[in-house]
Amino acid sequence: MEQFQTRMKKMFDEVDDFIEDLYGESYPLHPMRPARGQTSNPEADGLFYVAANFTPGFGSELGRGYLIQVSMSTLEKVDKDVRRAIYEAAANKVKELLPLHFPERELVVRQCKNHFKIQGDFSLGER
């Protein structure tokens, strides 16, 4: 599980960099947030926090998986269409990177209402 989480983190650091490159200069950074590259963890600096959190999927049409999370650290109002575009860009980048980071697994990104979720083979060890 630790190895899986480490690989997932590495992939989401790449997604964070991608989104920062596209949109990182679009809004002023929250005054309490370090600038991009100022910490050793991309989740902790820059305009975006991009990660995935496991959900058992209770109440979801799709069931369990890793919910893709994209948060912005700004005090500015961000239009919902811009937020949607950023979220979709992140989800598309995850789709692109999954086979590179997890070539031995069948993982896909699916949309459920306003959310994107990674689903598929989360088995641990040998089957």
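Structural data are supplied above this passage.
Everything numeric here is computed off the predicted structure, so don't read it as measured data.

A. Looking closely at the nonpolar core. Membership of the largest hydrophobic core comes to 29 residues, with the highest contact counts inside it found for Met11, Phe12, Ile68, Val94 and Ile118. Contributions of two or more residues to this core are made by helix H1 (2-23), strand E1 (48-55), strand E2 (65-72), helix H2 (80-101), strand E3 (107-112) and strand E4 (115-120). Per element, the largest residue contribution to this core is eight residues, and it comes from H2. When neighbours within four sequence positions are excluded, isoleucine 68 is seen to be in contact with Phe12, Ala51, Tyr87, Ala91, Val94, Val109, Phe116 and Ile118.

B. Looking closely at H2. The end-to-end C-alpha distance of H2, which contains 22 residues, comes to 31 Å, matching closely the 32 Å that a straight helix rising 1.5 Å per residue would cover. By the largest-angle criterion, lysine 95 marks the main kink of H2, which is about 25 degrees, and a proline, proline 99, follows within four residues. Along H2, the residues that are buried comprise Ile86, Tyr87, Ala89, Ala90, Ala91, Lys93, Val94, Leu97, Leu98 and His101. Contact partners of the buried residues in H2: H1, E1, E2, E3 and E4. Structurally, the start of H2 carries an N-cap: the backbone nitrogen of aspartate 81 is 2.9 Å from a side-chain oxygen of aspartate 79.

C. The sheet that holds E1, seen in detail. As summarised here, the arrangement of the four strands in space is E1-E2-E4-E3, forming an open sheet in which the pairing is antiparallel. Strands with a single pairing partner mark the edges of an open sheet, and in this sheet they are E1 and E3. Strand after strand, the sheet turns through a mean of 30 degrees between neighbouring axes, direction not considered. Direction of pairing for E1 relative to E2: antiparallel, over a ladder of eight bridges. What sits directly across from phenylalanine 54, in E2, is tyrosine 66. The sheet strands contacting H1 are E1, E2 and E4, and the helix crosses E1 at an angle near 145 degrees. Running at roughly 135 degrees to E2, H2 makes contact with E1, E2, E3 and E4 of the sheet.

Rules of the game
- Residues numbered from 1 in each chain as written.
- Predicted model: local features only at pLDDT ≥ 70, side-chain atom pairs only at ≥ 80, totals over all residues.
- Heavy atoms only, no water.
- Core = buried A, V, L, I, M, F, W, Y, C linked by side-chain atoms within 4.5 Å.
- Buried < 20%, exposed > 50% of the residue type's maximum accessible area, 1.4 Å probe, protein only.
- Helix = DSSP H or I, 4+ residues; strand = E, 2+ residues; numbered from the N terminus.
- Contact = heavy atoms within 4.5 Å.
- Expected span 1.5 Å × (residues − 1).
- Bend = angle between axes of the 7 residues up to and from the residue.
- Polar contact = N/O pair within 3.5 Å; in protein donor to acceptor, adjacent residues only side chain to side chain.
- Pairing = 2+ DSSP bridges.
- Axes fitted to C-alpha atoms, helices over the stretch in contact; angles between N-to-C directions.

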